[in-house]
Structures are given as C-alpha cells and as structure tokens.
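If you want the building blocks of each chain, they are given just below.
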Amino acid sequence: YYDNRLAENRAGMDTQTEEKYRLIADLVADEYNPDHIERFRSLQEKYPHDSVLHSACQVWIATIYQMNGKTTEALNLYERLLDEHEQLGGYFASVLLSTLKLLVSEGQRIEAQAMFARYLHSDELHNFAKLALISWYVENYETSEEELQTFRPLIDHIALEMGVTINGMHLRNEIVNLKEID
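This one's a predicted model, so the numbers in the text were calculated from it and none came from an experiment.

## Regarding the overall build of the protein chain
Here is step 1 of the chain: A count of helices and strands for the protein chain gives eleven helices and zero strands.
Here is step 2 of the chain: Walking the protein chain from its N terminus toward its C terminus, one meets helices and strands in the order α-α-α-α-α-α-α-α-α-α-α.
Here is step 3 of the chain: In the protein chain, of all internal contacts separated by at least 6 residues, the share reaching a separation of at least 24 is 50%.
Here is step 4 of the chain: Element-wise, carbon and sulfur atoms account for 47% of the exposed surface of the protein chain, whose accessible area totals about 10200 Å².

Right under this line is the structure:
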C-alpha cells in the first residue's frame, strides 16, 4: 500500500512526505523491525516544527513496539498520544482502537471500557470509526440488548449514511451486519 501510494503520488509530494512514506513502506516490508524506531526519531528531529509528522512518527513507533510484543511501551505511547488526540488527525481512530485492544489483552478491561466511553462520542471520530469502536465493544463485552440500546441513535444514523435499511433485528446483529458492510 505505502509503496503504491509513494509511486502514484511522488510527483505531488514534498520531500518530507516522501520520506515518511518511504520509511513506512520500509517498515512494513521489514515486518516492523525495531531498528526502524531510530529512523522515525531521526525524521522527527529533521522536521521538529511539524506536529502532524511528529504524531505520525509516534504512532508508528508505538506500532513497532506493539508488533514486537513490547506491550507496556506501546500502551504508554498510545496513551500519551490519546492525551493529545487533537494532534493525531487521521490516526486518532486507529490509535484509540489499538489502545483498547492492548488494554483488553493485558487484562485491563475496566480501563478499556472507561476509555471507550470517554471517546466514543468525540467529534474527531467519523461515524465509521465509531462503528468500528462499537463493534469492538460488542465483541469484547457481554452486553444485553437493553444496554446496547444506548447505541441505537448512532447505529441508526450510520445505517442511514450507508443507505442500509435496518429490519428491526436485534441491535447486536445490526452492529455486526453494518460492520461487515463497512
């Protein structure tokens, strides 16, 4: 993906963006080798005033930690990024979902549930990201249909945006079906 994006858009890219995509493509091709952490840090140092680039590099460093089993380091970095989520732009939803998944995998289910509740209605999340979060929640927590009804207005809105008719099935099934369409 990143190699293709780089090849397709090279003519319109500035040097900084090209460097970022080259580094990401190398990272993915190299199966998230931890040696790339220093390359991301160097890129941040090269462009110290670019907060968007800084956040993107931090996200990729956290991903490297996560992919290499350094859960504590990944969680710490993801949580710091979420504290400044306004800077994350398009990375916000993936950082949030990665953090939630890591918290659950580490047995911190109560913390994950609280974080989910805190961010679900954030204006920075588009509706499809909210659908992914609700779907994650349904998959990871035992919830009654009555509890799920708190999501009803949002699910109905997302279904309307997607042009999908909901046939009055159980909300849990509606969430799963919408996620599959997404």
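## What about the packing of aromatic side chains?
Here is step 1 of the chain: Tallied over the full model, the rule gives eight aromatic pairs.
Here is step 2 of the chain: Ring plane angle 15° and centroid distance 4.4 Å describe the contact between Phe116 and Tyr137, whose orientation is recorded as stacked. With a gap of 21 residues between them, Phe116 in helix H7 (residues 109-119) and Tyr137 in helix H8 (residues 127-140) connect regions that are remote in the sequence.
Here is step 3 of the chain: By relative accessible area, Phe116 is classed as buried at 4%.
Here is step 4 of the chain: Judged by relative accessible area, Tyr137 falls into the buried class, the value being 10%.
Here is step 5 of the chain: Taking 5.9 Å as the distance between ring centres and 80° as the angle between the ring planes, the aromatic pair formed by Tyr137 and Phe151 counts as edge-to-face. Of this pair, Tyr137 sits in helix H8 while Phe151 is found in the loop between helix H9 (145-148) and helix H10 (152-162), placing the two residues 14 residues apart along the sequence. Here Tyr137 and Phe151 have matching classes, each one buried.
Here is step 6 of the chain: What links up through ring pairs into an aromatic cluster is the set Phe116, Trp136, Tyr137, Tyr141 and Phe151.
Here is step 7 of the chain: Between the NZ or CZ atom of Arg109 and the centre of the ring of Tyr141, over which it lies, the distance is 4.4 Å.

## Topic: H10
Two residues of an α-helix separated by three or four positions point the same way, owing to the 3.6 residues in each turn.
Here is step 1 of the chain: Restricting attention to buried positions, one finds in H10 the residues Leu154, Ile155, Ile158 and Ala159. Angularly, the buried residues of H10 cover 135° about the axis, an arc narrow enough to put them on a single face. Structural note: H10 exposes Pro153 and Leu160 on the side pointing more than 90 degrees away from its buried face.
Here is step 2 of the chain: Directly after H10, the chain includes Gly163, whose backbone phi takes a positive value near 75°.

## Examining the nonpolar core
One recurring pattern in soluble globular proteins is that nonpolar side chains are buried together.
Here is step 1 of the chain: Of all hydrophobic cores here, the largest spans 54 residues; its most connected members are Phe40, Leu96, Phe116, Ile134 and Trp136.
Here is step 2 of the chain: With sequence-adjacent residues up to four places away left out, Phe40 is seen in contact with Leu23, Ile24, Leu27, Cys57, Trp60, Ile61 and Ile64.

## Some thoughts on the pattern of salt bridges
Here is step 1 of the chain: All told, the structure shown has five salt bridges when counted by the stated rule.
Here is step 2 of the chain: A salt bridge links Arg22 to Asp26; its shortest N-O distance comes to 3.4 Å. Of this pair, Arg22 and Asp26 both sit in helix H2 (residues 15-29), separated by four residues, roughly a single helical turn.
Here is step 3 of the chain: Residue Glu38 pairs with Arg41 through a salt bridge whose shortest N-O separation is 3.1 Å. Pair noted here: Glu38 and Arg41 are both in helix H3 (residues 36-46), with a separation of three residues, about one helical turn.
Here is step 4 of the chain: A relative accessible area of 31% places Arg41 in the partly exposed class.
Here is step 5 of the chain: The structure contains a network of salt bridges with shared partners spanning Arg22, Asp26 and Arg39.

Cut-offs used in this document
- Residues numbered from 1 in each chain as written.
- Predicted model: local features only at pLDDT ≥ 70, side-chain atom pairs only at ≥ 80, totals over all residues.
- Heavy atoms only, no water.
- Helix = DSSP H or I, 4+ residues; strand = E, 2+ residues; numbered from the N terminus.
- Contact = heavy atoms within 4.5 Å.
- Areas by Shrake-Rupley, 256 points an atom, 1.4 Å probe, with all protein chains shown as cover.
- Phe/Tyr/Trp six-rings, centres within 6.5 Å; stacked < 30°, edge-to-face > 60°.
- Buried < 20%, exposed > 50% of the residue type's maximum accessible area, 1.4 Å probe, protein only.
- Lys NZ or Arg CZ within 6 Å of the ring centre and 35° of its normal.
- Arc of directions from axis to C-beta.
- Core = buried A, V, L, I, M, F, W, Y, C linked by side-chain atoms within 4.5 Å.
- Salt bridge = Lys/Arg side-chain N within 4 Å of Asp/Glu carboxyl O.

Keep in mind that these numbers describe shape and distance, not what the molecule does.
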